[in-house]
Amino acid sequence: MSEAAIELQHVSKRFKRTVLKSNYVTLKDFLLRKRRVPKKGRYIEVLNDISLTVPRGKTIGIIGKNGSGKSTLLKLIAGIYRPDSGTIKVNGKLSSLIELGAGFHPEFTGRENVYINGILLGLTKQQIRERFDQIVRFAELEDFIDMPVRTYSSGMYMRLGFSVAVHVDPEILLIDEVLAVGDESFGHKCKEVIRQFRAAMKTIVMVTHDMSAVEKWCDEAIWLNKGEVADRGEPRRIIDRYRENVKEDEEKTFEAAHQVGTNLLGKRWGDRQIEITKVRLLTREGQEQSIYNLGETTIIEISYRVNEKPPQPVVFGVGIFTADNICCYGTNTDIEKIPISLSRNEGRVRFIIEENTLIEGTYFLDVAIHAEDGYPFDYLQHHTAFAIRSRVKDVGICRLPHSWEMDT
Amino acid sequence: MAVLKTLALDIRDLYRYRALIWTLVVKELKLRYRGSVLGFFWSFLNPLLLMAVYALVFSVYMRIQMEHYPVFMFCGLLPWIWFSASLLEGVNSIVGRGDLITKAFFPPQILPMVTLFSNLINFLLSLPILFIFLWASHVIPGWPLIVLPAILFAQFLFTLGLVLALSAMNVHFRDLTHILGNLLTLWFFVCPIIYPLKQIPERFRFLVDFNPMALLTLMYQDVFFYNRFPNIKVLGGLIALGIIVIVVGNAIFNTYRESFAEDI
């Protein structure tokens, strides 16, 4: 019993590019020897030299970004794909929750589909007959089991598929992001099943984006990155490393997309008597940043140049908008009665948000310099964007300072 | 040799999955007539109506001089329907069941095989009608009928080999479906199904020897209509040919098989 439940050695998998584009060769192409894609870029490496063992009785969580090869790995283990190189050994009866309801036909009743699906998953007719009532009860479809599956809602469909799959009584269970099947009460049942599987010392491999599930259930986490095992080990540690990496990556792409100075979607208007030369988002330490944690100090720095001395007093303003263009906050130096005197031709103005309590999300920034009567010198709409990250998933626009008091 | 070894493994696999094959065959048959008023009777009615059409054209309009012509034609028509329907449905059996191929693990040979089996069952179920017709026309088949299973077996092997190769190749060359449809029409008319063998001009008659379906048709006519034993050597040859076609067909199938899940 000490042997590994699943053993992968140097497994690589690549897809033809034509496949990814879902092209196929027609006879014409074949006869004319037309090549749609030049020979070299024809393959995409999805998994690259993966070696790993899953010990019997353990629950393993596979995490990673979309496109990192998680699902492909699971399909390889399930035997749906074959590896291009390397070997995969599976010791024990395997059932997969990769695609629920394989082979369900809409014209057949739930009952008929249970039999077809069950046999497809390796049960005998006798076994299905014995477990049939249980399967139906678990799926909560007693009243609908003799109706054609096409009349089912997608939730009912998934429930039935899930129910058959778990009643196969496998030694190894593969789960791909299906824990969120159906409504809440069914969700509890699913979790209960997984708990039972764990208690029965069965091997589970799950692919999920739900980090709390990995943390709660998995003995070990495997982090896949670009087709390679980036790290594996104790879930808490791996999740932290993964999150760190995601944040870095996001920051990079975010900054590339919203580089200070590039205009987003927004417009710019005004006669540029006074011109905004630069807008920067800074941390308290003066570092440029575009992703903040909830509560972090956020500094908006506006650099300007005076091209032509205006006759009337100057006003600096900022506005923060959500992605839905709802104004979260807007103010200017005139509203707040802050006198401005431009003694130099170039300078900087800083708007300091001591504690940024906006909730998690992406925000757009308007900055403007205008005259006291509203005449615009330079108005940058949605010029810059920033994002707030938070562990608390509260809703609304901003997190009001609060506490809870209990008298329960 | 490696080809034969994988063939042996494939056969073992198929045996292990026989319950699945059977379930899918039943499903296929149920599905075919589900929702139609006459339901399963269509499997009798379809060949009957087709026979009526040919009987009208050939014995009324074109006046083929032959005793019991409609029944004669029926003897060759039914096995042909089994053959052509198996190929026409089978060629799409892999492409059409992407949902199964990409979701579950099982030997994909099952799918073309299921179309072959479901059409075989259709064929067997229509045999009673044939016998009623034969009886009504006072053409009573006798002992030669004991060879029938061997003829069925030969046709089964031949068709299976073809459908394996076609279904796999169709994943990559989807023109195959259309080519096959036309090819089968031609094939149908060069087989002595709606006309007796002697209608073929003497100098072309040797072509029949190179046409397995024509040879099979003649054998069906032998046992059903003429009440005589077919040439056992030819039958043995056909079975041998069937085995060769299966070996080749399965080898072709296996070369494409790896990429099914990705190419559908």
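Not measured: the values here are computed from a predicted model.

1. Digging into the layout of surface pockets
A volume near 1,200 Å³ is recorded for the largest pocket. Of all elements in the fold, only helix H3 (70-78), strand S4 (85-90), strand S5 (94-97), helix H4 (110-120) and helix H6 (154-166) of chain A together with helix H1 (2-16) and helix H2 (18-33) of chain B reach the threshold of two or more residues within the lining of the largest pocket. A total of 4 residues in the lining of the largest pocket trace back to one element, the largest contributor, which is H1(B).

2. Considering the pattern of salt bridges
All names here are of chain A. In the structure shown here, the tally under the stated rule is 22 salt bridges over all chains. Arg280 is paired through a salt bridge with Glu288; the nearest N and O atoms lie 3.5 Å apart. When the shortest N-O distance is used, the salt bridge between Glu301 and Arg280 registers 3.0 Å. Linking Glu301 in strand S13 (residues 298-306) with Arg280 in strand S11 (residues 274-282), this pair joins segments that are 21 residues apart in sequence.

3. Concerning the confidence of the model for chain B
Looking at chain B as a whole, its pLDDT mean stands at 86, while 99% of the residues score no less than 70. Of all helices and strands in chain B, the one with the weakest mean pLDDT is helix H11 (residues 260-263) of chain B (73), whereas helix H7 (residues 148-172) of chain B scores best (93).

4. Some remarks on the domain arrangement of chain A
When cut into domains, chain A gives domain 1 (4-249) and domain 2 (268-389). Using C-alpha coordinates to define each centre, domain 1 of chain A is positioned 49 Å away from domain 2 of chain A.

5. A closer look at the packing of helix H4 (residues 69-90) of chain B against H7(B)
Residue and element names in this part refer to chain B. Contact geometry of H4 with H7 gives a least axis separation of 9 Å together with a crossing angle of 20 degrees. With respect to H7, the axis of H4 lies roughly parallel. Between H4 and H7 lies a crossing whose hand is right-handed. Within the contact between the two elements, H4 uses Pro79, Trp82, Phe83, Ser86, Leu87 and Gly90 and H7 uses Leu152, Gln155, Phe156, Phe158, Thr159, Leu162, Val163, Leu166 and Ser167.

6. A word on the pairing of strand S9 (residues 228-233) of chain A
Bridge analysis of strand S8 (residues 220-225) of chain A against S9(A) gives 5 bridges, and the strand direction is antiparallel. Each residue of the ladder has a partner; that of Leu224(A), found in S9(A), is Val229(A).

7. Re the sheet that holds S11(A)
Residue and element names in this part refer to chain A. One open sheet holds the 3 strands; their spatial order is S11-S13-S16, and the pairing between them is antiparallel. The two strands at the open ends of the sheet, each matched to only one other strand, are S11 and strand S16 (346-353). Geometrically, the sheet is characterised by an average inter-axis angle of 20 degrees between neighbouring strands, direction not taken into account. Bridge analysis of S13 against S16 gives 8 bridges, and the strand direction is antiparallel. Paired with Arg305 across the strands is Glu346, a residue of S16.

8. Structural notes on the interface of chain A and chain B
Across the boundary between the two partners, chain A contributes 30 residues, which contact 29 residues of chain B. Three residues, Ile80(A), Arg82(A) and Leu120(A), lead the burial of chain A against chain B; their summed loss comes to 22% of the area buried on that side. The tally of links from chain A across to chain B stands at 1 salt bridge. Taking the shortest distance from any N to any O, the salt bridge between Lys30(B) and Glu112(A) comes out at 2.9 Å. At the boundary of chain A with chain B, the tally comes to 1 residue pair in polar contact (both at pLDDT 80 or more). For the side of chain A that touches chain B, the secondary-structure elements that each account for two or more residues are strand S1 (4-16), helix H2 (27-32), H3 and H4 of chain A. Grouping the amino acids of the side of chain A that touches chain B by side-chain chemistry returns 15 nonpolar, 5 polar and 10 charged.

9. Brief notes about the environment of Ile397(A)
All names here are of chain A. For Ile397, the position within the fold is in the segment after strand S18 (376-389). Relative accessible area serves as the criterion here: at 32%, Ile397 is assigned to the partly exposed category. Sequence spacing of Ile397 and Gly361 is 36 residues, and the spatial spacing of their C-alpha atoms is 9.1 Å. Not counting chain neighbours up to four residues away, the residues in contact with Ile397 comprise Ile326, Cys328, Leu358, Ile359 and Tyr363.

10. Quick notes on the sheet that holds S9(A)
All names here are of chain A. One open sheet accounts for 6 strands, arranged S5-S6-S7-S3-S8-S9; its pairing is mixed. Only two strands of the sheet have a single partner each, and these edge strands are S5 and S9. Strand-to-strand twist in this sheet, taken as the mean axis angle between neighbours without regard to direction, amounts to 15 degrees. Bridge analysis of strand S3 (residues 59-63) against S8 gives 4 bridges, and the strand direction is parallel. Bridging from a neighbouring strand, Ile62 pairs with Ile222 of S8. Running at roughly 140 degrees to strand S7 (residues 203-207), helix H7 (residues 184-199) makes contact with S3, strand S6 (172-176) and S7 of the sheet.

11. Concerning the environment of Thr177(B)
All names here are of chain B. Note on placement: Thr177 falls in helix H8 (residues 176-190). Along the sequence, Thr177 and Leu87 sit 90 residues apart, while their C-alpha atoms lie 9.4 Å from each other. Beyond its immediate sequence surroundings of up to four residues, Thr177 is in contact with Val91, Asn92 and Asn170.

12. Some remarks on the nonpolar core
One recurring pattern in soluble globular proteins: nonpolar side chains tend to sit buried together. The biggest cluster of nonpolar side chains holds 163 residues, and the ones touching the most others in it are Ile6(A), Leu174(A), Ile194(B), Tyr220(B) and Phe224(B). Not counting the four nearest positions on each side in its chain, Tyr220(B) is found in contact with Cys75(B), Pro79(B), Trp82(B), Phe123(B), Leu148(B), Ile151(B), Leu152(B), Gln155(B) and Phe225(B). The next biggest cluster of nonpolar side chains, apart from the first, holds 27 residues, and it includes Tyr304(A), Ile320(A), Tyr363(A) and Ile388(A).

13. Quick notes on empty space enclosed by the protein
The final tally for this structure, using the stated rule, is 2 cavities of 30 Å³ or more. Roughly 190 Å³ of volume is contained in the largest cavity. Forming the walls of the largest cavity are 13 residues, and the residues nearest its centre are Gly79(A), Ile80(A), Phe105(B), Phe106(B) and Pro108(B). When the residues that make up the lining of the largest cavity are grouped by side-chain class, the tally is 9 nonpolar, 1 polar and 3 charged. Here the second largest cavity defines a volume of roughly 40 Å³. Lining the second largest cavity are Leu52(A), Val54(A), Ile60(A), Ile62(A), Leu73(A), Ile77(A), Val205(A) and Ile222(A). Every element with two or more residues in the lining of the second largest cavity is listed here: strand S2 (43-55), S3 and H3 of chain A. Partitioned by chemical class, the residues of the lining of the second largest cavity number 8 nonpolar, no polar and no charged.

Criteria and thresholds
Each chain carries its own residue numbering, running from 1 in the direction its sequence is written. Working convention: letters from A go to chains and numbers from 1 go to ligands, in the order in which they are written. Predicted model: local features are reported for residues with pLDDT of at least 70 only, side-chain atom pairs are reported and counted for 80 or more only, and whole-chain, interface and lining totals are derived from all residues. With hydrogens and water set aside, each side-chain value is computed from the structure's full complement of heavy atoms. Using a grid of 1 Å spacing that covers the protein atoms alone, one calls a set of points a cavity when a 1.4 Å probe fits there but cannot get out, and a pocket when the set is open and has protein on both sides within 12 Å along at least five of seven lines; lining residues are those with an atom within 4 Å of a point. Grid points are joined across faces, edges and corners, and a volume is the space filled by probe spheres set on the points. What counts as a helix is a DSSP run of H or I of at least four residues, what counts as a strand is a run of E of at least two, and both are numbered from the N terminus. Put simply, a salt bridge is a Lys or Arg side-chain nitrogen that is within 4 Å of an Asp or Glu carboxyl oxygen. Note on scores: pLDDT gives the predictor's confidence for each residue, bounded by 0 and 100. Residue ranges assigned to the domains are those given by an automatic or database domain assignment. Helix axes are fitted to C-alpha atoms over the stretch in contact, other axes to C-alpha atoms as well, and angles between N-to-C directions run from 0 to 180 degrees. By definition in this entry, angles of less than 35 degrees are roughly parallel, angles greater than 145 are roughly antiparallel, angles of 65 to 115 are roughly perpendicular, and the rest are oblique. Handedness of each helix crossing follows the sense of rotation of the near helix against the far helix: counterclockwise by less than a right angle gives left-handed, clockwise gives right-handed. Residues are treated as being in contact if the distance between any of their heavy atoms lies within 4.5 Å. In this scheme, strands are said to pair when DSSP sees at least two bridges between them. Once two parts are brought into contact, the accessible area they lose, counted with a 1.4 Å probe and summed over both, makes up the buried area. What qualifies as a polar contact is a pair of N or O atoms within 3.5 Å, subject to a donor-acceptor requirement within protein and to the restriction that residues adjacent in sequence count only when both atoms come from side chains. Following the grouping adopted for this structure description, the nonpolar residues are Ala, Val, Leu, Ile, Met, Phe, Trp, Tyr, Cys and Pro, the charged ones are Asp, Glu, Lys and Arg, and the polar ones are all others, Gly among them. Burial status follows relative accessibility: with a 1.4 Å probe on protein chains alone, a residue under 20% of its type maximum counts as buried, one over 50% as exposed, and anything between as partly exposed. Residues belong to a common nonpolar core when they are buried Ala, Val, Leu, Ile, Met, Phe, Trp, Tyr or Cys residues joined through side-chain atoms within 4.5 Å.

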